[in-house]
Amino acid sequence: MTISRAVAVALLGAGACVLTGCGEKPVTTASTGAAAAGATSPALGIRPYGDEEVKIDMSQIKSDELKKVFDYIDTNIDQDVIRLQKWIQQPSVSNTGEGIAESAEMVKGFFDQLGCQESKIYDVGISEWGQQGNPVVFANCDEGAEKTVVLYWMYDTMPVTQPDLWKAPAFEGRLVEQAPYKKVLIGRGATNSKGPQMVQFNALLAIKAVTGKLPVNIIFVAEGDEERMSMGLRTFMQQHSDLFAKADAVYRFGGQGSLGGGSEGLFYVELTTSGSKWGQGPNYSDIHGGNKRTVASPAWRHIKMLSTLIDEDTNKVLIDGFYDNIEPLSKDAEAKLRKAAEKLDLTKRAQNLGVEKFITSDPFDFVKRSRYGQSLNLDGIWGGNMFAGGSGSILPNKVTSKHSFRYVPNMTSADILAKLRKHLDKHGYTDVEINVIGDQPWAKVPTDTEIGRAASRMFTAFQIEHGELSDAPTIFGGSSMLSPAWPAYVFVNDKLNIPTIGGAAGEGGNAHAANEYYVIEGAGKTYGMAGAEKSVATVLYNFAGKN
């Protein structure tokens, strides 16, 4: 992996790029020339407090060490932002493989920079679904502390599917003004999830710079397959669960106000209709579209097949028994969801998400669907003429569509798969092939744990509204935010049962979409990057019993 390491080192050593253009109000960085001339601090001019109206209640920050860490973060926030820009500038698209090897080396470099005694890139080999898994980067940072925290990372991102919609190139890391924020960073991975993870890393560097050691031992596990159902991490954790035997908690990166620890289930399949399997239409390759007058179309058959899976409103799944086996919400859980819905403005949320409107106009129904709903999505479809505009007569010999099922306790992917096959056969589509891409089972965890209380205390000190902790295992967190799909189950299973929580100050948006961003200078009740880093440091000090 010599070439990969060289690329990573070059990226780490490069100066920040000049950020200009595209009709936005640009914020320029220090040039590489200035850096070469011996400039000691980059000229980003980041305001640590931006236009924030919310403030940390310093009476709840008891540790003098932690106060010094806060000061250090304020002083060095420009460099922290540049560190994120450099990571954004390294593509890491797991669905195409672009930059994955280089990114794994870069992440290992982060862990080496922190001083971890052990850091290693693991080749996980072929996953159980038949695909080559991407490398997992593991590191052990033994600080001689009483407690050990696992930091789960993902270094991969989604592809850039609509580059013409971006305000700035997706892998540039440009800083722009975006109301109400004077500075946000635009880039693929900015919020999902390099921004929140770099916040964690910067916080650790700040603590070490001030005190020389961390308040807890850290175990890093960084995967390059999260956008591919965490297939590589799944294999790695099955083979190396012993590496986490001493872990006291998992602290996952997260957004402002969220205290989520569990996860919904996520199951991916591809459906393929082909002329060869159907016994009609082209059986080897695409043919000229003019032949449709005399030849049946696998593409039209595929569309007819898809129409049997979902109702006219595209919301209800029509697979027989799909909604069986669902564990009903407890009265306590339903009460918490109702509380989360009380201040929810669905019009504003729809605008922020970039949708015309939601399925429902009832805030409680919205929260319940978001946090405990089930769905079947059409994530993509391909075959034949895939070029926008123009013509080009094609009668495809094969069409494939990709689908994700989101499911909850006590549903299982095996049951969903069996019911899907039965449904297709029942409707006469015995020829349609099902290819399993991967599965990420749901995981229920209690949040009223030591690490959960450490995060909750942080939110209180930072005057951030957050939900209540729960001593009953649940898949959703204590806020009105969506319950995210993430591989929580690898930390909560028969081999491991590690208390898990996520949550920090700071925010971003447009995950998986154009103009993905992370807030650098906060505004109103949203903290910027400096506040986010302080929140991570506070959680770790709280958990260590040092604040």
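Here's a quick rundown of the structure. As the structure is a prediction and not an experimental result, all values here were calculated from the model.

Rules used throughout
Residues numbered from 1 in each chain as written. Predicted model: local features only at pLDDT ≥ 70, side-chain atom pairs only at ≥ 80, totals over all residues. Heavy atoms only, no water. Pairing = 2+ DSSP bridges. Helix = DSSP H or I, 4+ residues; strand = E, 2+ residues; numbered from the N terminus. Axes fitted to C-alpha atoms, helices over the stretch in contact; angles between N-to-C directions. Buried < 20%, exposed > 50% of the residue type's maximum accessible area, 1.4 Å probe, protein only. Parallel < 35°, antiparallel > 145°, perpendicular 65-115°, else oblique. Left-handed = near helix turned anticlockwise from the far one by under 90°. Contact = heavy atoms within 4.5 Å. Nonpolar A, V, L, I, M, F, W, Y, C, P; charged D, E, K, R; others polar. Salt bridge = Lys/Arg side-chain N within 4 Å of Asp/Glu carboxyl O. Phe/Tyr/Trp six-rings, centres within 6.5 Å; stacked < 30°, edge-to-face > 60°. Disulfide = S-S within 2.5 Å. Core = buried A, V, L, I, M, F, W, Y, C linked by side-chain atoms within 4.5 Å.

## Structural notes on the sheet that holds strand 9 (residues 249–252)
- Ordered in space as 3-4-8-5-9-14, the six strands form an open sheet in which the pairing is mixed. Every other strand in the sheet has two partners, leaving strand 3 (118–122) and strand 14 (500–502) as the edge strands with one partner each. Going from strand to strand, the sheet's axes swing by 20° on average, the running direction of each strand aside.
- As defined by bridge partners, strand 4 (residues 136–141) adjoins strand 8 (residues 217–223) across five bridges and the pair is classed as antiparallel.

## What to know about the pairing of strand 7 (residues 181–186)
- Where burial is concerned, most of strand 7 is hidden: five out of the six residues are buried.
- In the sheet, strand 6 (residues 174–178) pairs with strand 7 via four bridges, with the strands oriented antiparallel. The partner of Gln178 across the bridge, within strand 7, is Tyr181.
- In this structure, the hairpin formed by strand 6 and strand 7 is closed by a connection of two residues.
- As defined by bridge partners, strand 7 adjoins strand 16 (residues 517–521) across four bridges and the pair is classed as antiparallel. Across the sheet, the residue bridging to Ile186 is Tyr517, located in strand 16.

## Observations concerning the sheet that holds strand 11 (residues 375–382)
- In spatial order, the strands read 11-12-10-13; together these four strands make up an open sheet with antiparallel pairing. Of all strands in the sheet, those bounded by a partner on one side alone are strand 11 and strand 13 (433–440). Strand-to-strand, the axes of this sheet are offset by a mean angle of 20°, without reference to chain direction.
- Relative to strand 13, strand 10 (residues 265–274) runs antiparallel, the two sharing seven bridges. What sits directly across from Leu266, in strand 13, is Gln440.

## Considering the packing of helix 3 (residues 64–75) against helix 15 (residues 529–544)
- The interhelical angle for the contact between helix 3 and helix 15, taken along N-to-C directions, is 160°, at an axis separation of 10 Å. Relative to helix 15, the element helix 3 is oriented roughly antiparallel. Pair helix 3 / helix 15 crosses with right-handed handedness. On the side of helix 3, the interface is formed by Glu65, Leu66, Val69, Phe70, Ile73 and Asp74, while helix 15 contributes Ala530, Glu533, Lys534, Ala537, Thr538 and Tyr541.
- By residue class, the composition of the contact of helix 3 with helix 15 is seven nonpolar, one polar and four charged.

## Describing unusual backbone geometry
- Omega for the bond connecting Ala179 with Pro180 falls within 30 degrees of zero, at 5°, which places this linkage in the cis form.
- Along the chain, Pro180 falls in the loop between strand 6 and strand 7.
- Cis rather than trans, the peptide bond between Asn192 and Ser193 has omega equal to 0°.
- Note on placement: Ser193 falls in helix 6 (residues 190–211).
- For Met229, which is not a glycine, the phi torsion comes out positive at approximately 65°.
- By secondary structure assignment, the location of Met229 is in the loop between strand 8 and helix 7 (231–239).
- Owing to a relative accessible area of 4%, Met229 belongs among the buried residues under this scheme.
- You will see that Thr314, though not glycine, has its phi angle at about 65°, which is positive.

## Structural notes on the pattern of salt bridges
- Scanning the model with the defined rule gives 26 salt bridges in all.
- Taking the shortest distance from any N to any O, the salt bridge between Asp80 and Arg83 comes out at 3.1 Å. Here Asp80 pairs with Arg83, and both are found in helix 4 (residues 77–88), just three residues apart, close to one helical turn.
- Glu143 serves as the salt-bridge partner of Lys208, at 3.2 Å between the closest nitrogen and oxygen. Pair noted here: Lys208 is in helix 6 and Glu143 is in the loop between strand 4 and strand 5 (148–154), with a separation of 65 residues, a long-range link.
- Through salt bridges that share partners, Arg47, Asp51, Lys182, Lys183 and Glu521 make up one connected network.

## A few points about the packing of helix 4 against helix 5 (residues 100–114)
- One way to put it is that helix 4 packs onto helix 5 with a least axis distance of 11 Å and a crossing angle of 155°. Our classification of the angle between helix 4 and helix 5 gives roughly antiparallel. Along this stretch, helix 4 crosses helix 5, giving a crossing that reads as right-handed. For the pair formed by helix 4 and helix 5, the contact residues are Arg83, Lys86 and Trp87 on the first element and Met106, Val107, Phe110 and Gln113 on the second.
- Along the lines of polarity and charge, the residues of the contact of helix 4 with helix 5 split into four nonpolar, one polar and two charged.

## Remarks on the packing of aromatic side chains
- Overall, the coordinates contain 20 aromatic pairs when judged by the stated rule.
- Taking 5.2 Å as the distance between ring centres and 85° as the angle between the ring planes, the aromatic pair formed by Trp87 and Phe110 counts as edge-to-face. With Trp87 in helix 4 and Phe110 in helix 5, the pair connects residues that are 23 residues apart, well separated along the chain.
- Phe110 gets classed as buried once you look at its relative accessible area, which sits at 1%.

## As for the state of the cysteines
- Inspection of the entire model under this criterion finds one disulfide.
- Between the sulfur atoms of Cys116 and its disulfide partner Cys141 the distance amounts to 1.9 Å. Negative torsions about the S-S bond denote left-handed disulfides, and the value of about 50° found for Cys116 with Cys141 makes this one right-handed. Here the residue Cys116 occupies a position in the loop between helix 5 and strand 3, and Cys141 occupies one in strand 4, the gap between them amounting to 25 residues.

## Concerning the nonpolar core
- Counting residues in hydrophobic clusters, the biggest one holds 73 residues, and the most contacted among them are Phe111, Trp153 and Phe220.
- Excluding residues that lie within four positions of it along the chain, Phe111 makes contacts with Cys116, Ser119, Val137, Ala139, Trp153, Phe220 and Ala222.
- Phe322, Ala340, Leu346 and Val408 belong to the second-largest nonpolar core, a separate cluster that totals 34 residues.

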